[in-house]
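# Notes for the structure review
Here is how the chains run, residue by residue.
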Amino acid sequence: MIKNNLKNLMEIWRILIAMMSNDVQVPLFRMKIRCPDCESWMVGVNGTKKSGKRRVEGFICKNPECLKERYERDLKKARQFIIRTSHEFQEMIRDNLKDLYKDLLKKGAKNKTIANKYSVSPSEISVLKTDVEMAIEKHRKLDSLVKVSQPDKAIAMDETFLEIEGKKVYIILAVGYTTRKVLGVKGSFTRKEQDMREVFDEAERNTRNLI
Ligand SMILES: [Zn+2]
């Protein structure tokens, strides 16, 4: 019985959509849906689930091994989850956003080239680029208002955010103050001091490598 069911299983892929602060939606990455427990792609759709104020698509693991293991742990049902709790979601956000923002802020990088790499449209790349460039500009304006002496600020910390699957994701950036080169990036669900420190340390390492 189980074997028959498995025959009909197909990989499920979903596109992660970013909601920008100006309410523009940008489809970002394709992600294979996998069980958070066993990491298997043998999953099925499972109605909708409540997630905060929204209802989102639900999934259920169909890997017999996973179910067997859950029975052994006295859990009666197969693992159910949503995109946000699926395997890879966090890594996907962390790793892919880092690459994407590095590309977005690379000097002379064409929107079309970046768009091809991430399978999104050049106009969507343009939306993302404008957003992050504005975040950096805003910060510079503030700095010039308070007249901070520039030589002390070789590395500037900037930040913007997106919402992916209803979750706020901060893009923390360390940008060379005069070179405007991106030296460190992190896509993060938190914006704690530790997150900033991590990006700053990456920037410092990169600055050292440049010398
Ligand atoms: Zn599983």
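Since this is a predicted model, take the numbers as computed values, not measurements. (Residues numbered from 1 in each chain as written. Predicted model: local features only at pLDDT ≥ 70, side-chain atom pairs only at ≥ 80, totals over all residues.)

The next point concerns the sheet that holds strand β1 (residues 13-19). Judged by pairing direction, the sheet is antiparallel, and its five strands sit side by side in the order β2-β1-β6-β7-β8 without closing on themselves. Because the sheet does not close on itself, it has two edges, and the strands there are β2 (25-32) and β8 (182-188). With strand direction ignored, the average angle separating the axes of adjacent strands in the sheet is 30 degrees. Here β1 pairs with β2 via seven bridges, running antiparallel. Among the inter-strand pairings, M19 is bridged to a residue of β2, identified as Q25. Running over the sheet, helix α3 (residues 89-104) touches β1, β2, β6 (155-164), β7 (167-176) and β8 and is turned about 150 degrees from β8. (Pairing = 2+ DSSP bridges. Helix = DSSP H or I, 4+ residues; strand = E, 2+ residues; numbered from the N terminus. Axes fitted to C-alpha atoms, helices over the stretch in contact; angles between N-to-C directions. Contact = placed C-beta atoms within 7 Å.)

A separate point is the confidence of the model for the protein chain. Reading fine detail from the predicted coordinates is not recommended where pLDDT is low. A residue-level look at the protein chain finds 90% of positions with pLDDT of 70 or above and a mean pLDDT of 88. Ranking the helices and strands of the protein chain by mean pLDDT puts strand β5 (residues 80-82) first, with 96, and helix α1 (residues 2-7) last, with 60. (pLDDT = per-residue confidence, 0-100.)

Bringing the pairing of β7 into the picture now. In this sheet, β7 lies alongside β6 in antiparallel orientation, the contact comprising 10 bridges. Across the sheet, A156 pairs through a bridge with V175, a residue of β7. Two successive antiparallel strands, β6 and β7, enclose a turn made up of two residues, where E165 displays a positive phi of approximately 50 degrees. In textbook terms, the turn of a hairpin is the stretch between consecutive antiparallel strands, and for β7 and β8 this stretch comprises five residues, one of which, R180, has a positive phi near 60 degrees.

Okay, the nonpolar core next. Counting 39 residues, the largest nonpolar core has Y101, I171 and L173 as the members making the most contacts within it. Two domains each provide a minimum of three residues to this core, namely domain 1 (2-91) and domain 2 (95-210). For I171, the contacting residues outside a window of four places in its chain are L97, Y101, V132, E159, T160, F161, L162, V185 and G187. (Core = buried A, V, L, I, M, F, W, Y, C linked by C-beta atoms within 7 Å. Buried ≥ 20, exposed ≤ 12 C-beta atoms within 10 Å, placed from the backbone. Domains from an automatic or database assignment.)

Each strand in a sheet pairs with another by means of backbone hydrogen bonds, the pair being arranged parallel or else antiparallel. Spatial ordering of the open sheet is given by β3-β4-β5, a layout of three strands whose pairing is antiparallel. Both outer strands of the open sheet, β3 (43-51) and β5, are each paired with one neighbouring strand and no more. On average, adjacent strands in this sheet sit at an angle of 35 degrees to one another, irrespective of strand direction. By the bridge criterion, seven bridges tie β3 to strand β4 (residues 54-61) in an arrangement that is antiparallel. Its bridge partner being in β4, S51 is matched across the sheet by R54.

With that out of the way, let us pick up the pairing of β8. Buried residues dominate β8, accounting for seven of its seven residues. Sheet analysis places β7 next to β8, joined by six bridges and oriented antiparallel. Considered in β8, the bridge of I171 is made with G187.

We now examine the domain arrangement of the protein chain. Domain parsing of the protein chain yields domain 1 (2-91) and domain 2 (95-210). Taken residue by residue, the interface counts 16 residues in domain 1 and 14 residues in domain 2. The set of elements that each furnish at least two residues to the side of domain 1 that touches domain 2 consists of β1 and β2. For the side of domain 1 that touches domain 2, the element with the highest residue contribution is β2, accounting for four residues. Of the residues assigned to the side of domain 1 that touches domain 2, the class counts are 10 nonpolar, three polar and three charged. (Nonpolar A, V, L, I, M, F, W, Y, C, P; charged D, E, K, R; others polar.)

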